[in-house]
Amino acid sequence: MTTAPLIGVLALQGDVREHARAIEAAGARAMAVRRRSELDAVDALVLPGGESTTMWKLATAFDLLEPLRLRIKDGLPTYGSCAGMIMLADRIEGGVDGQETLGGIDMVVRRNAFGRQVDSFEADLDFAAKGRVRAVFIRAPWVESIGPDVEVLGRAEPGGRIVAVRQGPLLATSFHPELTGDARVHSYFVEMVREF
Ligand SMILES: NC(=O)CC[C@H](N)C(=O)O
């Protein structure tokens, strides 16, 4: 890919604008995705933080759930942060009755694992080869277990819980790098997108 990749941000709910800004800071182009035609147009996708139950319900109402699943299955590079991580999990714990995900990463993610809203916190952690990043956790999930093809890119300290993973073209973090003004996690994703 010689031109800057076009990265969609699923814009049903959540902190869409912050991700769009971070994508642009990482040297790619950003576009809000609400319709199937927009989903078809992008080279990659970000699933923002927000509320996974709402995202699932809106994706169903907008007829996007199956198209999203299919594009992810076909290898669309996709990055999910927080609620987006939950959406990328093959299996979840602590979901509401009947809660569905898009799936793609062979992992079990526990919703609201770090506690309630008041338990939101910030911490520094090592992210992949990018060095130490400031991680903002907001009613965040953690990764309870992973399959053999999933690579761990980051752990919360202390406790060592898995909070960043990658499986092929799919990336997920429990935390919100789009809120820190540091685009290194998005840069990592843009590098992934250029590989595929
Ligand atoms: N900041 C977030 O994205 C929180 C995720 C939220 N707890 C959920 O279950 O979807």
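If you're wondering where the values come from, they're calculated on a predicted model, not measured in any experiment. (Residues numbered from 1 in each chain as written. Predicted model: local features only at pLDDT ≥ 70, side-chain atom pairs only at ≥ 80, totals over all residues. Heavy atoms only, no water.)

### A word on the site of the ligand
And step 1. Around the ligand, a shell composed of Gly49, Gly50, Glu51, Ser52, Cys82, Ala83, Ile86, Arg111, Asn112, Ile138, Arg139 and His176 is seen.
And step 2. At 3.0 Å, a backbone N or O of Ile138 approaches a nitrogen atom of the ligand.
And step 3. Arg139 has a polar backbone atom sitting 3.0 Å from a nitrogen atom of the ligand. (Near = heavy atom within 4 Å. Polar contact = N/O pair within 3.5 Å; in protein donor to acceptor, adjacent residues only side chain to side chain.)

### Focus on the nonpolar core
And step 1. Formed by 33 residues in total, the largest nonpolar core has its most connected members in Ile7, Leu125, Phe127, Phe137, Leu171, Phe175 and Phe189.
And step 2. Those elements that provide at least two residues to this core are strand S1 (6-10), helix H1 (16-25), strand S3 (44-47), strand S7 (121-127), strand S8 (131-137), strand S11 (162-167) and helix H6 (184-195).
And step 3. Take this core: its biggest share by element is 6 residues, from H6.
And step 4. Setting aside residues up to four positions removed in sequence, Ile7 forms contacts with Ile23, Ala28, Arg29, Ala30, Met31, Val42, Ala44, Leu45, Val46, Phe189, Val190 and Val193. (Core = buried A, V, L, I, M, F, W, Y, C linked by side-chain atoms within 4.5 Å. Buried < 20%, exposed > 50% of the residue type's maximum accessible area, 1.4 Å probe, protein only. Helix = DSSP H or I, 4+ residues; strand = E, 2+ residues; numbered from the N terminus. Contact = heavy atoms within 4.5 Å.)

### Observations regarding the UniProt feature "binding site: L-glutamine" (unreviewed entry) in the protein
And step 1. Per the UniProt entry, the sites bearing "binding site: L-glutamine" (unreviewed entry) are Gly50, Glu51, Ser52, Arg111, Ile138 and Arg139 in this numbering. For this annotated set, covering 90 residues, all C-alpha atoms fall within 12.8 Å of each other, a compact arrangement in space.
And step 2. Turning to its location among the elements, Gly50 is positioned in the loop between S3 and helix H3 (52-61).
And step 3. Every residue in contact with Arg111, bar those within four places of it in the chain, is listed here: Glu51, Ser52, Thr53, Ile86, Glu93, Gly94, Gly95, Val96, Gln99 and Pro141.
And step 4. One polar contact links Arg111 to Glu51, side chain to side chain, over a distance of 2.7 Å. (UniProt positions renumbered as here; feature names shortened; annotations may be inferred.)

### Describing unusual backbone geometry
And step 1. In the Ramachandran plot, Asp63 falls in the positive-phi region, its phi being about 55 degrees despite a non-glycine side chain.
And step 2. Its location among the elements puts Asp63 in the loop between H3 and helix H4 (65-73).
And step 3. Accessibility expressed as a relative area gives 62% for Asp63, which makes it exposed.

### Re the environment of Ser81
And step 1. Mapped onto the fold, Ser81 is located in strand S4 (residues 78-81).
And step 2. Counting along the chain gives 34 residues from Ser81 to Leu47, while the straight-line C-alpha distance between them is 6.5 Å.
And step 3. When sequence neighbours within four positions are dropped, the list of residues in contact with Ser81 reads His19, Leu47, Pro48, Gly49, Thr173, Phe175, His176 and Glu178.

### Topic: the pairing of S1
And step 1. Across the 5 residues of S1, 5 count as buried, placing the element largely inside the fold.
And step 2. Residues Leu6, Gly8 and Leu10 of S1 are buried on one face, and the alternating residues Ile7 and Val9, pointing to the opposite face, are buried as well.
And step 3. In this structure, S1 lies alongside strand S2 (residues 29-33), joined through 5 bridges in parallel fashion. From the neighbouring strand, Ile7 faces S2, where its bridge partner is Ala30.
And step 4. Remark: the S1/H1/S2 crossover connection has right-handed handedness.
And step 5. Taken together, the 3 bridges between S1 and S3 define a ladder with parallel strand orientation. Residue pairing across strands places Val9 opposite Val46, the latter belonging to S3. (Pairing = 2+ DSSP bridges. Right-handed = clockwise from strand over helix to strand, strands pointing away.)

### Concerning H4
And step 1. The set of residues buried in H4 consists of Leu65, Pro67, Leu68, Arg69 and Ile72.
And step 2. Where H4 ends, the next residue or the one after it, Gly75, has phi of about 105 degrees, a positive value.

### Section: the packing of aromatic side chains
And step 1. Per the stated rule, a full pass over the model turns up 7 aromatic pairs.
And step 2. Between Phe114 and Trp142, the ring centres sit 5.0 Å apart and the planes meet at 85 degrees, which makes this aromatic pair edge-to-face. Within this pair, whereas Phe114 is found in the loop between strand S6 (105-110) and S7, its partner Trp142 is found in strand S9 (residues 142-146), the two being separated by 28 residues in sequence. An identical accessibility class is assigned to Phe114 and Trp142; each is buried.
And step 3. Plain terms: the ring middles of Phe127 and Tyr188 are 5.3 Å apart, the flat faces sit at 80 degrees to each other, and that makes the pair edge-to-face. In this pair, Phe127 sits in strand S7 while Tyr188 sits in helix H6, placing the two residues 61 residues apart along the sequence.
And step 4. You can call Phe127 buried: its relative accessible area is 0%. (Phe/Tyr/Trp six-rings, centres within 6.5 Å; stacked < 30°, edge-to-face > 60°.)

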